[in-house]
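What follows is the residue order along each chain.
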Amino acid sequence: MNVFARITLPLAGMNFVNQASRSLVATVGPLLAVEFALSAGELGLLAACFFAAYALAQLPIGLAMDLYGPRRVQTVMALLAALGFVICAVAPGAAWLAVGRIITGAGVSGALIALLTAHTQWLARDRVAGATGLAVFIGAMGGMAATLPVQMALPFIGWRGAFLVLAGLGCAVAAWVWLSVPGAPPGAAPPPKRRFLLEVGEIGRIFRHPVFIRLVPGIVTLSAISFCWQGLWTGPWLRDVGGLGDTHRATVLLAYAFGLSTGSLVMGRLASALQARGREPMLIPFIAMGGIAAMQILLIALPMSHPVALAIVWCLFAFCGAAGPAGYAAVGRSFGPELAGRVATAINASMLALVFVLQSAIGVILDFWPRTAVGGWDTAGYGWALAMTLMLQAATALWAFWRKP
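All figures in this text were calculated on a predicted structure; none of them were measured in a lab. (Residues numbered from 1 in each chain as written. Predicted model: local features only at pLDDT ≥ 70, side-chain atom pairs only at ≥ 80, totals over all residues. Heavy atoms only, no water.)

## Here's the deal with the nonpolar core
Formally: We define a nonpolar core as any set of buried Ala, Val, Leu, Ile, Met, Phe, Trp, Tyr and Cys residues linked to one another through side-chain atoms lying within 4.5 Å. Residue exposure (1.4 Å probe, protein chains only): buried if accessible area is under 20% of the type maximum, exposed if over 50%, otherwise partly exposed. In this text, helices come from DSSP runs of H or I with a minimum length of four residues, and strands from runs of E with a minimum of two, each type numbered from the N-terminal end. The criterion used for residue contact is that any of the two residues' heavy atoms lie within 4.5 Å.
Ranked by internal contacts, the top residues of the largest apolar core, which has 134 residues, are W229, W233, W237, W314, F317, V331 and I347. No other element matches the 15 residues that helix α9 (residues 210–240) contributes to this core. With residues near it in sequence (within four places) discarded, F317 still touches I225, S226, W229, Y256, I292, M295, Q296 and L299.

## Digging into the side chain of S261
Considering the arrangement of structural elements, one finds S261 in helix α10 (residues 246–276). Residues in contact with S261, not counting those within four places in the same chain, are F137, A140, M141 and M144.

## Concerning the packing of aromatic side chains
Selection criterion: Classification of ring pairs rests on two measures: the distance between centres of Phe, Tyr or Trp rings, Trp counted by its six-membered ring, which must be within 6.5 Å, and the angle between planes, read as stacked under 30 degrees, edge-to-face over 60 and tilted in between. Ring-over charges, as used throughout, are those where CZ of Arg or NZ of Lys falls within 6 Å of the ring centre and within 35 degrees of the ring normal.
A full pass over the atoms with the stated rule returns twelve aromatic pairs. With a centroid separation of 6.0 Å and an interplanar angle of 75 degrees, the aromatic rings of F36 and W159 are classed as edge-to-face. Placement of F36 in the loop between α1 (3–35) and α2 (40–68) and of W159 in helix α7 (residues 148–180) is noted, with a sequence separation of 123 residues between them. Pair check on accessibility: F36 and W159 agree, each one buried. Clustering of aromatic rings is evident, with ring pairs tying together W229, W237, Y256, W314 and F317. Here the basic side chain of R71 rests over the ring of W178, its NZ or CZ set 3.7 Å away from the ring centre.

## Quick look at helix α5 (residues 111–122)
Test applied: An expected span of 1.5 Å times one less than the residue number is assigned to each helix.
The terminal C-alpha atoms of α5 lie 17 Å apart, and with twelve residues this matches the ideal 16 Å at 1.5 Å per residue to within 8%. With nine of twelve residues buried, α5 lies mostly within the body of the structure. When α5 is considered as a whole, its buried residues turn out to be A111, L112, I113, A114, L115, L116, T117, A118 and H119.

## Here we look at the packing of α2 against helix α4 (residues 94–107)
Threshold: Only C-alpha atoms enter the line fits that serve as axes; for helices the fit covers just the stretch in contact. Angles between N-to-C directions range over 0 to 180 degrees. By definition in this entry, angles of less than 35 degrees are roughly parallel, angles greater than 145 are roughly antiparallel, angles of 65 to 115 are roughly perpendicular, and the rest are oblique. Definitions for this section: a left-handed crossing has its near helix turned counterclockwise from the far helix by less than a right angle. A right-handed crossing has that turn clockwise. Under the grouping applied here, Gly and all other residues not named as nonpolar or charged are polar, the nonpolar ones being Ala, Val, Leu, Ile, Met, Phe, Trp, Tyr, Cys and Pro and the charged ones Asp, Glu, Lys and Arg.
Put simply, α2 and α4 touch, their axes get as near as 7 Å, and they point 30 degrees apart. Between α2 and α4, the angle falls in the class roughly parallel. Regarding α2 and α4, the two cross each other, and that crossing is right-handed. Residues L46, C49, F50, A53, Y54 and A57 of α2 form the contact with α4, whose participating residues are A94, L97, A98, R101, I102, T104, G105 and A106. Within the contact of α2 with α4, the residues separate by chemical class into eleven nonpolar, two polar and one charged.

## Some details on the pattern of salt bridges
The test is simple: When a carboxyl oxygen of Asp or Glu lies within 4 Å of a side-chain nitrogen of Lys or Arg, that pair is called a salt bridge.
A full pass over the atoms with the stated rule returns three salt bridges. A salt bridge links R160 to E35, with the nearest nitrogen and oxygen atoms 3.5 Å apart. One end of the pair, R160, is in helix α7; the other, E35, is in helix α1, with 125 residues separating them in the sequence. Taking the relative accessible area as the measure of exposure, R160 reaches 27% and is therefore partly exposed. A salt bridge links D240 to R239; its shortest N-O distance comes to 2.8 Å.

## Things to note about the side chain of S109
Basically, it comes down to this: We call two N or O atoms a polar contact when they sit within 3.5 Å, provided that within protein one can donate a hydrogen and the other can accept it, with sequence-adjacent residues counted only if both atoms are side-chain atoms.
With respect to the secondary-structure elements, S109 resides in the loop between α4 and α5. Residue S109 is classed as buried on the basis of its relative accessible area, which comes to 0%. Within the structure, S109 has its side chain in polar contact with the backbone oxygen of A106 (distance 2.6 Å). Once residues within four sequence positions are removed from consideration, S109 is found in contact with Y54, A57, Q58, I61, M77 and N348.

## What to know about empty space enclosed by the protein
Operational definition: Of the two site types, the cavity is a set of points on a 1 Å grid over the protein atoms alone where a 1.4 Å probe fits but cannot get out, and the pocket is an open set with protein on both sides within 12 Å along at least five of seven lines, each lined by residues with an atom within 4 Å of a point. Grid points are joined across faces, edges and corners, and a volume is the space filled by probe spheres set on the points.
Applying the stated criterion across every chain yields a total of four cavities of 30 Å³ or more. Taken as a whole, the largest cavity holds about 150 Å³ of empty space. For the lining of the largest cavity, the secondary structure elements donating two or more residues are α1, α9, α10, α13 (324–332) and α14 (340–366). Element by element, the count of residues in the lining of the largest cavity is highest for α1, at four residues. Its residues placed into classes, the lining of the largest cavity shows nine nonpolar, eight polar and one charged. As a volume, the second largest cavity reaches approximately 40 Å³. For the lining of the second largest cavity, the class distribution of residues is four nonpolar, four polar and no charged.

## Considering unusual backbone geometry
Phi is mostly negative for residues that are not glycine, and the peptide bonds are mostly trans. Even without being a glycine, A37 presents a positive backbone phi close to 55 degrees. Along the polypeptide, A37 turns up in the loop between α1 and α2. Judged by relative accessible area, which is 63%, A37 ranks as exposed.

## Regarding the confidence of the model for the protein
This is how the line gets drawn: Confidence scores labelled pLDDT are given residue by residue by the predictor and lie between 0 and 100.
Scored by pLDDT, the protein has a mean of 85; 94% of the residues are at 70 or more. Confidence scores differ between elements of the protein, with helix α8 (residues 196–208) showing the lowest mean pLDDT of 72 and helix α3 (residues 70–90) the highest of 95.

Right, here's the structure in full:
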């Protein structure tokens, strides 16, 4: 069977919707702030609601993936995401918009997990990172579609129309997954019939595992920093620090999404190639941690305004942040395939909880300074926000090296 056509592509379709949903708020965030009179803290909290729901759904989704399989679970979740997009599109105020984002966050919460679970079931171990990286590369094109193309379409469809388009895509993906993805590999043993509490107890064992304790803080911080800035704050940063207008800002966000997509492809392929040669599975994520730290230092020390320079820096920032799934695969090697869904969701839940905290914290930091005349936020606040994420990245990297056996 062609695993790529039957499994990877349809499941990557949900990642396309997921990435588009994240990037859309960065594109339309300034419009939402004006229309609903939101402060930086309120805008950050609105965006963080998506990630909070995403995080809270992770562990139940991981258990469901292991027990019922990616096909059934992902079909239901895609339809739930579509419902969330519809609520966002018709929201009369910020409260309903938050409800829609919460439902959307829960709906897309299984996108990456379904890929990792299916690839673990159908592929050899040293191929999982590469195949998942390719799928995330395809999915990341959704992030690209939600930047400059959406910015160009906004005068015609508005931000509400953009959410309706995503609702249609969610329904289409649900049908595709249901019709294409097989239930299980041929000859695969069905999940053991055990008491529910025993299945839940396996999650606690994952969190206590020495490999999880050592490596996951760095992995989740790497991904969380990337998602946090892509999901909201890069757009306002480009307006307030870079001084860019709508078109140039959307172009740089497109470069960000391009960096995320190419990084997913390259990092996954490199990780698989190195693992096949017996190298350290975490080598690529460790290198990426250094790369994203370098980009943060550059943005703090040398804030720039040229669109091309900003596109390059934010593209490299995203390229390095895309190494997270390679780290997921590296940690997953320490557990059996029957726990693939729960291992991935344990990591993802940790990462998304951190995204919620970081997005809200950045908004709080920005509100320490008065709003500018055009409704933006002070450049000093962005510098302190970047310094916060940089220090967190450094601390988790040191932790991983300190805990090395």
